[in-house]
Amino acid sequence: MTIREPIPYSDAKLRRILASVKTIALVGASDNWNRPSYFVMKYLQGKGYHVIPVNPRLAGQALLGETVYGALQDIPQPVDMVEIFRASEAAPGIVEAAIAIGAKVVWMQLGVRHDQAAATAEAAGIEVVMDRCPKIEFGRLGGELSWSGVNTGLILNRAPAAPTERHRKERPLPPRNLEHGFAIRAIHSGAAPDPTTGARSTPIYQTTAYVFDDVEHAASLFNLHNFGYIYSRLTNPTVSVLEERVASLEGGRAAVAAASGHAAQFLTFFTLLEPGDEFLASTNLYGGSLTQFGLSFRKLGWACHFVDPKDPENFRRALTPRCKAIFVESLANPGGVIVDLEAVAAIAHDAGIPFIVDNTLATPYLCRPIEWGADIVCHSTTKFLAGHGNSLGGAVVESGRFDWAASDKFPSLSQPEPAYHGLNFYETFGDFAFTTKARTVALRDFGPALAPMNAFLTITGIETLPLRMERHVANAQAVAEFLEGHRQVGWVSYAGLASSPYRRLAEKYLPKGAGSVFTFGVKGGFESGIKLVESVRLFSHLANVGDTRSLILHPASTTHRQLSDQQRLAAGAGPDVIRLSVGLETVDDLIRDLDQALAATAS
Amino acid sequence: MTDDPKGDDPKGDDPKGDHPEDDGPNWRPQTLAAQAMGWTDETTGAIIPPIHPATTYLRDADNAYRRGRMYARADNPTYDHASDLLTALEEGADTLLFASGMAAATAVFLALDPGDHVVVPKVMYWALRAWLHDSARRWGLDVEGVASDDLAGLAAAMRPGQTKLVWLETPANPLWTVSDIAAAAQLAHAAGAHLAVDSTVATPVFTRPLSLGADLVMHSATKYLNGHSDVVAGTLTTARQDALWGRIRQVLVQQGGILGAFEAWLLQRGMRSLFVRVEAAAASALALAHRLAAHPRVAQVLYPGLPDFAGHQLAARQMRGGFGGMLSIRVKGGEAAAVATAAKVRLWKRATSLGGVESLIEHRASVEGAGSPVPVDLLRLSVGLEALEDLYADLDQALRAAG
């Protein structure tokens, strides 16, 4: 499967086609229950379509209750739509046959595209869709795809309706899909009114399990033939709202949520790596990530090589044949270091490996790494996304643009996966294969699922993300400027300051502001650092960032204390370093508090 | 939305999901409680009802509200699970959830008119008694207190045509006075009054006041119904949809003493284990009552399950299968000894409230203050789910240490 920009068919067109066709001839139907064409046939049958399988090898046999025909011309009844589940080169011949039997629509499966055959069909009055899966599009338009955390692009003020539901009043859709602004998506993405009650706010589905309609339904869910809920370790209706929302804000294809930011990182690497694999990570990471990557992951057989990100070429130099990914923080914690995302993405792609960006401190409001080439974005949603210091959580977003089959580096995605009865995830789920595997294998087998209540608190927090981030960066800028002029302060590392070496990168990647977490050096070193955090009256001394409240930390004595002196210095957590997370309070009060605490360090 | 498209009306015939009693056998109360009426979510298949924090509901394009809900002050789908279950357990017609037991109890009186005569017990939950004798009187209700276990006195208090409500609490806090619901219902109805029963202590496990003739049953759901000391809530269940019930609903919606969605969800969660909790607490209470009655430092044990308790025979007839988890003891040595005993316990928690999984001890007279009928040497015991031997041993050492 090669990655191309998808053809921008409007939702109106796809909905009209799916609502008007009744009989579908599926050319290339497989009798293997683990093949994508089988998934599609079974799913469409369940939605009420009459699907007629076409496959010369199986002609005359029965498949899912239908007789298989050897060719389209052999089908004795009218056919509304021909679905092409064959290699692109086969499309012209099938289109000729579709014209001959009077089909109204030709639909080419995800990965199948033949512009010349499409032109032939359209000249004959046939409507054409290429490089799309009817199962995925049906599920997307009807709201089912949201259950898997996929960014459907839909913004709804009523419950979603399947394309076949005709009981509702016709509502004309725009001829081209609309782009929705960030604040619209922050409030609406993933969350439609509850179909059962009309409740406008997302219900908290505090449930562990979901009833199966019957044994057949249960089997189809476990086999992933149908979208649906099984067990809250895998999917939960409240959690899936959060997943779709984060995917939408990052401009990604799909997301999977996890119990914490660390769990999100674990899901990411477990989905990518085999024992013995390696990856590169920036030295400027949250201290907990340094420990997770450098020590705990090593026990799983994964080696992380840490690279100074200040020169992007350092990553190229550190690559090894078994390197499977490059990981950076867009805005690093705690040093305020900004990585040149576009340059590192190019190095990763030259090496045929995905570029992973932790976007926790920047948030998609300030920076969207996928726009600069990131393939996967990780979040600790505990921070600015939830924003109120009241719920842990994590999320992994995939761009949908990485070609997992371009090399043999990612066999568990591009080849039959033994951990899911030999399913080929990339072939079956295409541009949301990564998160689907992260969910159905890593989340299933290791279990760091997000609690529905935390998902609810996080989606409520995200609704005000744009407003909060505006204030966070304005307050941080003012506090940083105050500190830079204070005689007890040795240095301030905030990319929003004119003096910052990262000012140029900040203007490129963080034009709305350089975040609200940064560090400065207090004169007097380790002892002054401890004196300062013990003297503040408004700032809370604790190990978190991204709260409405302003927070202060002395990393050397807390988050980074388990590291060596050398690692601490490399991570920007030297003895004099103070980390601030500037909150939403009145900024004059924050400055006054720091002023009196700094005075205490001098006495 | 699902593999089985359901026709035009998204609500179907049954807006609250699949209820097993609709088409299945007549499930027993324990079964209904454990499964919270067997509800499942039609949208997702979820086996536990979701918490609906939504304050408002969609209306259709023509301004109709076909889904039946408009604004969460009047109703919330999360309420349905707790209220439907309680309606079934109490064998009533409808249930309303309130922000507290006091919100539920006062709603009944506020649904009456100024000048109406109401008959209330002398021994009852003290906060409601205080409200009745102060606020309700100032509002214009003619409140008359009687000894509710004295049927002749109750009959004499009735003023046909003028008496609109008789209120009972049985067993009544904290002397556990037992009142005859069936007899009181006859007296009330003969006078044209409704009978309301505070059944907080009895719970539907042991008493079904509506089936004995009462018109309304009230619970402080904070106590046994929720059972985990983590929700403040109240309920009213009616025997029938009548004019008084309509006014009570109006009081709830217009004065706004509604339950939060999260609390309603916790309440249905707690009620799933109602029977095992209440039966276990009552078994321990009965055993403790017998053993404490023989304790050298205890002057008297008040518990409807003891054969020499004044209301025992009535309780044995009216309560089915047990006498509840509440008892009181009167400590030899008077108030000082009682207070000292409460000070010496290590396992029992000194706290107000009752009906939780943890055992509580309280010196009621000092809480209730002037005008209380409670003896100063009385300690109220709410028996929880701890090991009986631990509960007794702790009381025993406290009584001895205080003596």
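Visitor: Outline the overall build of chain A, supporting the account with residue identities and numerical values.
Guide: Across its full length, chain A carries 22 helices and 19 strands. A globule of 603 residues ought to have a C-alpha radius of gyration of about 25 Å, and chain A, at 26 Å, matches this closely. A burial count over chain A gives 61% of its 603 residues as buried. Across chain A, contacts joining residues at least 24 apart in sequence account for 70% of those joining residues at least 6 apart. Approximately 22,100 Å² of chain A is accessible, and the part contributed by carbon and sulfur atoms is 53%.

Visitor: Explain the nonpolar core to me, using residue names and the numbers behind them.
Guide: Leu483 and Leu580 of chain A are the most contacted members of the largest nonpolar core, which has 190 residues in total. In terms of residue count, the dominant contributor to this core is helix α18 (residues 465–484) of chain A (eight residues). When sequence neighbours within four positions are dropped, the list of residues in contact with Leu580 of chain A reads Val479, Leu483, Ser516, Val517, Phe518, Phe520, Phe539, Leu551, Ile552 and Leu594 of chain A. Grouped together as the second largest cluster of nonpolar side chains are 73 residues, Ala264, Val301, Ala315 and Leu327 of chain B included.

Visitor: Pulling in residues and values, what's your account of helix α3 (residues 77–90) of chain B?
Guide: All names here are of chain B. Over its 14 residues, α3 extends 20 Å from the first C-alpha to the last, a length consistent with the 20 Å expected when each residue adds 1.5 Å. Summarising burial for α3: 13 of the 14 residues are buried, a large majority. One side-chain oxygen of the residue at the start of α3 lies 2.7 Å from the amide nitrogen of Thr78, identifying that residue as Asn76. Positive phi appears at Glu91, one or two residues downstream of α3, with a value of about 55 degrees.

Visitor: So what about the interface of chain A and chain B? Which residues, and what values?
Guide: The partner chain B presents 29 residues to the 37 residues of chain A that form the contact. Summed over both sides, the interface between chain A and chain B buries roughly 2,800 Å², with carbon and sulfur atoms accounting for 61% of that surface. Our count for the contact surface shared by chain A and chain B stands at nine residue pairs in polar contact (both at pLDDT 80 or more). For the side of chain A that touches chain B, a count of residues per class yields 16 nonpolar, 14 polar and seven charged.

Visitor: How would you summarise the pairing of strand β9 (residues 326–331) of chain B if you had to cite specific residues and measurements?
Guide: Residues and elements named next belong to chain B. Burial of β9 is extensive: five of the six residues sit out of reach of the surface. Sheet topology note: the strand β8 (residues 298–302)/β9 ladder contains four bridges and is antiparallel. Looking across to β9, one finds that Val298 is bridged to Val331. In terms of strand pairing, β9 meets strand β12 (residues 378–382) through five bridges, oriented antiparallel. Note on β12: the bridge partner recorded for Ile329 is Leu379.

Visitor: Outline the pairing of strand β2 (residues 117–121) of chain B, supporting the account with residue identities and numerical values.
Guide: Residues and elements named next belong to chain B. Counted residue by residue, β2 has five buried out of five residues, so it is predominantly covered. Because side chains alternate across β2, one face comprises the buried residues His117, Val119 and Pro121, and the other comprises Val118 and Val120, equally buried. Here five bridges tie β2 to strand β3 (residues 142–146), and the two strands are oriented parallel to one another. The residue bridging His117 from the neighbouring strand is Asp142, located in β3. You can see the chain leave β2, run along helix α5 (residues 126–139) and come back into β3, and the turn it takes is right-handed.

Visitor: Which residues make up the sheet that holds strand β1 (residues 94–98) of chain B, and what values go with them?
Guide: All names here are of chain B. One open sheet accounts for seven strands, arranged β1-β7-β6-β5-β4-β2-β3; its pairing is mixed. A single partner strand is all that each edge strand has here, and the edge strands are β1 and β3. Within the sheet, the average angular offset between the axes of one strand and its neighbour, ignoring direction, is 20 degrees. Helix-sheet contacts for helix α9 (residues 243–255) involve β1, β5 (194–198), β6 (216–220) and β7 (234–238), and the interaxial angle to β1 is about 25 degrees.

Visitor: Mind laying out the domain arrangement of chain B, listing which residues take part and the relevant values?
Guide: Residues and elements named next belong to chain B. According to the domain assignment, chain B contains domain 1 (20–271) and domain 2 (274–402). A straight line from the C-alpha centre of domain 1 to that of domain 2 covers 26 Å. Across the contact, 39 residues belong to domain 1 and 40 residues belong to domain 2. Buried surface at the junction of domain 1 and domain 2, summed over both partners, amounts to about 3,200 Å²; 64% is from carbon and sulfur atoms. In terms of surface lost to domain 2, no three residues of domain 1 exceed Trp176, Phe206 and Tyr224, which account for 26% of the buried area on that side. Inspection of the region where domain 1 meets domain 2 yields two salt bridges. Arg317 is the partner of Asp180 in a salt bridge, and the nearest nitrogen-oxygen pair spans 3.2 Å. For the interface between domain 1 and domain 2, the tally reads 14 residue pairs in polar contact (both at pLDDT 80 or more). Contributing elements (two or more residues each) for the side of domain 1 that touches domain 2: α2 (29–34), α5, α7 (181–190), α8 (203–206) and α10 (261–271). No other element matches α8, which puts four residues into the side of domain 1 that touches domain 2.

What counts as what
- Residues numbered from 1 in each chain as written.
- Chains lettered and ligands numbered in written order.
- Predicted model: local features only at pLDDT ≥ 70, side-chain atom pairs only at ≥ 80, totals over all residues.
- Heavy atoms only, no water.
- Helix = DSSP H or I, 4+ residues; strand = E, 2+ residues; numbered from the N terminus.
- Rg over C-alpha atoms; globule rule 2.2 N^0.38 Å.
- Buried < 20%, exposed > 50% of the residue type's maximum accessible area, 1.4 Å probe, protein only.
- Contact = heavy atoms within 4.5 Å.
- Areas by Shrake-Rupley, 256 points an atom, 1.4 Å probe, with all protein chains shown as cover.
- Core = buried A, V, L, I, M, F, W, Y, C linked by side-chain atoms within 4.5 Å.
- Expected span 1.5 Å × (residues − 1).
- Polar contact = N/O pair within 3.5 Å; in protein donor to acceptor, adjacent residues only side chain to side chain.
- Buried area = accessible area lost by both parts, 1.4 Å probe.
- Nonpolar A, V, L, I, M, F, W, Y, C, P; charged D, E, K, R; others polar.
- Pairing = 2+ DSSP bridges.
- Right-handed = clockwise from strand over helix to strand, strands pointing away.
- Axes fitted to C-alpha atoms, helices over the stretch in contact; angles between N-to-C directions.
- Domains from an automatic or database assignment.
- Salt bridge = Lys/Arg side-chain N within 4 Å of Asp/Glu carboxyl O.

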